[in-house]
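# Structure assessment
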Amino acid sequence: MALRNVVTEGDEILRKKCREVTEITDRIKETMEDMLQTMRHHMGVGIAGPQIGVMRRMFVAEPEPGRVYFMINPVILDQSGSQTDDEGCLSVPGMIGKVERPDHIKIEALDLDGKKQVYEFDGFDARVMCHEYDHLDGILYIDKATDIRDAFEEEDEEEE
């Protein structure tokens, strides 16, 4: 396993649609493990293929420590409700913004063993999955966000 470089806003790779994973090889599994390690190193809760320069429909999410989801070729089957909250992104460092997302989603994806899984997520977990899913279609949270601002300024204000 290895840390990967995180691609940041301005790199055109983040704006491209990803291709499906046609076969879950050892290389795909190793890449997913690298993604997990890279995400944790940068203290994120999710990371998608294009964020490390891999144009495949796959992401890793860990909405809370120890609860990891490896999503390969994910498809959102259903969504409902609405929630709005702040989001940030490893590819847009130092910024946050308010984004409206579904409050509930149902998503189907292959796991690392190539088995089809169906998951249902609510609240923050749904937000994380939708954020990462958007990356696979070349969409960044800043495309949907309002009130985009410096994340560190807000922390400084809270400390005063």
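Shown above is the structure to which this text applies.
As a starting point, this report considers the structure included with it.

Rules and cut-offs
- Residues numbered from 1 in each chain as written.
- Predicted model: local features only at pLDDT ≥ 70, side-chain atom pairs only at ≥ 80, totals over all residues.
- Heavy atoms only, no water.
- Phe/Tyr/Trp six-rings, centres within 6.5 Å; stacked < 30°, edge-to-face > 60°.
- Helix = DSSP H or I, 4+ residues; strand = E, 2+ residues; numbered from the N terminus.
- Buried < 20%, exposed > 50% of the residue type's maximum accessible area, 1.4 Å probe, protein only.
- Lys NZ or Arg CZ within 6 Å of the ring centre and 35° of its normal.
- Core = buried A, V, L, I, M, F, W, Y, C linked by side-chain atoms within 4.5 Å.
- Contact = heavy atoms within 4.5 Å.

A full pass over the atoms with the stated rule returns three aromatic pairs. Arranged with centres 5.0 Å apart and planes meeting at 90 degrees, the rings of Y69 and F121 form a pair that is edge-to-face. With Y69 in strand 3 (residues 67-80) and F121 in strand 7 (residues 116-122), this pair connects stretches of sequence that are 52 residues apart. Each member of the pair, Y69 together with F121, is buried. On the basis of an interplanar angle of 25 degrees and a centroid distance of 5.8 Å, the ring pair of Y119 and F121 is categorised as stacked. The buried category is assigned to Y119, whose relative accessible area is 19%. Here the aromatic residues Y69, Y119 and F121 are joined through ring pairs into a cluster of three or more. The ring of Y133 carries the charged tip of R57 above its face, separated from the ring centre by 5.7 Å.

Turning next to the nonpolar core. Ranked by internal contacts, the top residues of the largest apolar core, which has 28 residues, are F59, M71, I105, I107, F121, M129 and Y141. Elements with a contribution of two residues or more to this core: strand 2 (58-64), strand 3, strand 5 (92-101), strand 6 (104-110), strand 7 and helix 2 (123-135). Of the residues forming this core, the biggest block, five residues, is contributed by helix 2. Excluding residues within four positions of it along the chain, I107 makes contact with F59, M71, P74, V75, I76, L77, Q117, V118, Y119, F121 and Y133. In this structure, I28, L36, I52 and L90 belong to the second largest nonpolar core, which totals 16 residues.

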